[in-house]
Amino acid sequence: MTAPAPDRFAAPRPMPKPGIMDIHAYVGGKSKIEGIAHPVKLSSNENILGCSDAAKDAYRAAVDRLHLYPDGKANGLRAAVAERYRLEPERLTFGDGSDEIFALLCQVYLEPGDNIVQGEHGFAAYAIGARACQGEVRMAREPNQRIDADEVVKCIDERTRLVFIANPANPTGTWLTGEEIRALHAAIPPSVVLVLDGAYAEFATDPRFEDGLDLARTAQNVIVTRTFSKIHGLGGLRVGWGYGPAGIIEPIERIRPPFNTSIPGQEAAIAALGDLEFQARSVALVEQWRPFLTQQLGGLGLEVTPSAANFVLVNFPDVPGKTAREAEEFLASKGYLVRAVGNYGLPNAIRITIGLEAHNRAVVDLLTQFVGR
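This one's a predicted model, so the numbers in the text were calculated from it and none came from an experiment. (Residues numbered from 1 in each chain as written. Predicted model: local features only at pLDDT ≥ 70, side-chain atom pairs only at ≥ 80, totals over all residues. Heavy atoms only, no water.)

Engineer: Give a detailed account of the overall build of the chain, specifying residues and quantitative values.
Structural biologist: From N to C terminus, the chain includes 13 helices and 13 strands. Relative to the 2.2 N^0.38 estimate, which gives 21 Å for 373 residues, the radius of gyration of the chain is 21 Å and therefore close to what a compact globule would have. Reported as C-alpha extents along the three principal axes, the dimensions of the chain are approximately 65 × 50 × 50 Å. Residue pairs at least 24 apart in sequence account for 73% of intrachain contacts in the chain once pairs closer than 6 positions are excluded. (Helix = DSSP H or I, 4+ residues; strand = E, 2+ residues; numbered from the N terminus. Rg over C-alpha atoms; globule rule 2.2 N^0.38 Å. Contact = heavy atoms within 4.5 Å.)

Engineer: Before we move on, could you go through the pairing of strand 2 (residues 92–95) and cite the residues and values that matter?
Structural biologist: Of the two faces of strand 2, the one lined by Leu92 and Phe94 and the one lined by Thr93 and Gly95 are each fully buried. Sheet analysis places strand 2 next to strand 8 (residues 240–243), joined by four bridges and oriented antiparallel. Bridge assignment links leucine 92 to a residue of strand 8, and that residue is tyrosine 243. (Buried < 20%, exposed > 50% of the residue type's maximum accessible area, 1.4 Å probe, protein only. Pairing = 2+ DSSP bridges.)

Engineer: Outline the sheet that holds strand 2, supporting the account with residue identities and numerical values.
Structural biologist: If you walk across this open sheet you meet the seven strands as 2-8-7-6-5-3-4, and the pairing is mixed. With partners counted over all chains shown, the strands left at the sheet margins are strand 2 and strand 4 (136–140), one partner each. In this sheet, adjacent strand axes meet at a mean angle of 20 degrees when their direction is disregarded. Where strand 5 (residues 160–166) and strand 6 (residues 193–197) come together, five bridges link them in parallel fashion. Along strand 6, the bridge assignment pairs alanine 166 with aspartate 197. Against the sheet, helix 3 (residues 75–85) contacts strand 2, strand 7 (222–227) and strand 8, and its axis sits at roughly 125 degrees relative to strand 2. (Axes fitted to C-alpha atoms, helices over the stretch in contact; angles between N-to-C directions.)

Engineer: Any chance you could break down the nonpolar core for me, citing the residues and the numbers?
Structural biologist: Judged by nonpolar contacts, the single largest core of 41 residues is most densely connected at Val81, Val152, Val163, Ile165, Phe228 and Trp241. For this core, the element with the highest residue contribution is helix 3, accounting for five residues. In this structure, Val286, Ala309, Ile352 and Leu366 belong to the second largest nonpolar core, which totals 35 residues. (Core = buried A, V, L, I, M, F, W, Y, C linked by side-chain atoms within 4.5 Å.)

Engineer: Outline helix 11 (residues 276–298), listing residues and values.
Structural biologist: If you check helix 11, its first and last C-alpha atoms are 33 Å apart, about what 23 residues at 1.5 Å a residue would give, namely 33 Å. Check the buried side of helix 11 and you find it contacts helix 3, helix 10 (263–274), strand 9 (303–305), strand 10 (311–315), strand 13 (346–353) and helix 13 (357–372). (Expected span 1.5 Å × (residues − 1).)

Engineer: Describe the pairing of strand 13, naming the residues involved and giving the relevant values.
Structural biologist: The buried fraction of strand 13 is high, at six of eight residues. Summarising the sheet, strand 10 and strand 13 pair through five bridges and their orientation is antiparallel. Each bridged residue has a counterpart across the sheet, and for leucine 313 the counterpart in strand 13 is arginine 351. As defined by bridge partners, strand 12 (residues 339–341) adjoins strand 13 across three bridges and the pair is classed as antiparallel. Across the sheet, valine 341 pairs through a bridge with leucine 346, a residue of strand 13.

Engineer: I'd like a description of the packing of helix 11 against helix 13, backed by residues and values.
Structural biologist: Viewed as axis vectors pointing N to C, helix 11 and helix 13 meet at an angle of 10 degrees, and their least axial separation amounts to 10 Å. As the angle between them shows, helix 11 and helix 13 are arranged roughly parallel. Contacts between helix 11 and helix 13 involve Trp289, Phe292, Leu293, Gln296 and Leu297 from the former and Glu357, Asn360, Arg361, Val364 and Leu367 from the latter. (Parallel < 35°, antiparallel > 145°, perpendicular 65-115°, else oblique.)

Engineer: Can you lay out the sheet that holds strand 12 for me, pointing to particular residues and giving the numbers?
Structural biologist: Pairing within the open sheet is antiparallel, and its four strands lie in the order 9-10-13-12. Only two strands of the sheet have a single neighbouring strand rather than two, namely strand 9 and strand 12. For this sheet, the mean angle separating the axes of adjacent strands, direction not counted, is 35 degrees. Contacts from helix 12 (residues 324–333) reach strand 12 and strand 13, with the element oriented near 35 degrees to strand 13.

Engineer: Describe the side chain of threonine 225, listing the residues and the values that go with them.
Structural biologist: Considering the arrangement of structural elements, one finds threonine 225 in strand 7. Apart from residues no more than four positions distant in its own chain, threonine 225 is found in contact with Ser98, Ile101, Phe102, Val195, Leu196, Asp197, Gly198, Ala199, Trp241 and Gly242.

Engineer: Can you explain the pattern of salt bridges? Please cite residues and give values.
Structural biologist: In a structure, side chains of opposite charge can pair up when their charged atoms sit close to one another. Applying the stated criterion across every chain, the model contains 23 salt bridges. For aspartate 57, the salt bridge goes to arginine 60, with nearest N and O atoms at 3.1 Å. Placement of both aspartate 57 and arginine 60 in helix 2 (residues 53–61) is noted, with a separation of three residues, approximately one turn of the helix. The exposure class of arginine 60 is exposed, given its relative accessible area of 51%. The shortest N-O distance in the salt bridge between arginine 325 and glutamate 328 comes to 2.6 Å. Residue arginine 325 and its partner glutamate 328 are both found in helix 12; the two are separated by three residues, about one turn of the helix. Here the salt bridges do not stand alone but share partners, grouping Lys73, Glu253 and Arg256 into one network. (Salt bridge = Lys/Arg side-chain N within 4 Å of Asp/Glu carboxyl O.)

This is how it looks when you write it as structure tokens:
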């Protein structure tokens, strides 16, 4: 047995391992405004339509089984995902949201001193998982708020174990074509795992976009993750999945908590996956109002980053009285919650989830007031 480090051993109370207390805890989008009972929440990229009625029915039907442990292998959901996407069921893993899969990947592959590479504006959960394993986080520059393969490759060295790419990306909404993803994969050493986070993949409708599943079918160092939190509207139930080669999935399964997805979560996810009409309505809403927000806010002189997700990133000038933080506060004062993203290296931007027609028109009207005041 290895003796603990003297400073930790002599401490008057249990001490976390080095680096843990340097991690900034994840902060989600705001959900409350003091003095406003029912604010419009456009801060967390939730599905503004809610979730499928079929998913609600499945959730309610699970109530009589709450005293039972769930199926640890999520076999019903496993079969449904495999059938929907034509995947081998044994090459799937399920998590408490896709966030848990990111953390498990870090546990599987990182030793102290190893590193991950992600975009400079990448999702915070990647870095949290790496730092919890005493790994280094390398941020690749994102020219024009977009992943650049050359910048990613520059960051890779002999101790790189994981490269995290969200496609489409959060919080920018930018995306890589299938050709660009394949080129990036070809430039990565075969010993490095390429993690393709597809949380917003269903909203990317450009024909040049590819979800990465075909690449993961044949490559030995690619895993694709997806979530039921976005298009399916099941963020409160925390269900995500990953697909990759046996060499990646098997070690994840060895350390995955045995009952990490619940009975109601599994059942609601199965029902949601089968409700194609709800999914189509969700995509149609985004396709209608994403260009509206882009055009209208751009017409105010604001720079809107081209998005393939269910949100838009709006860039503000760094001018007193017109900053992103002040815009966020102004919208909140009117009952609309959006997301400031300074913690993602974007201090001059806010992220706005696409809402219903009334919400989107109100946001344009309010920002028109803000810009002109």
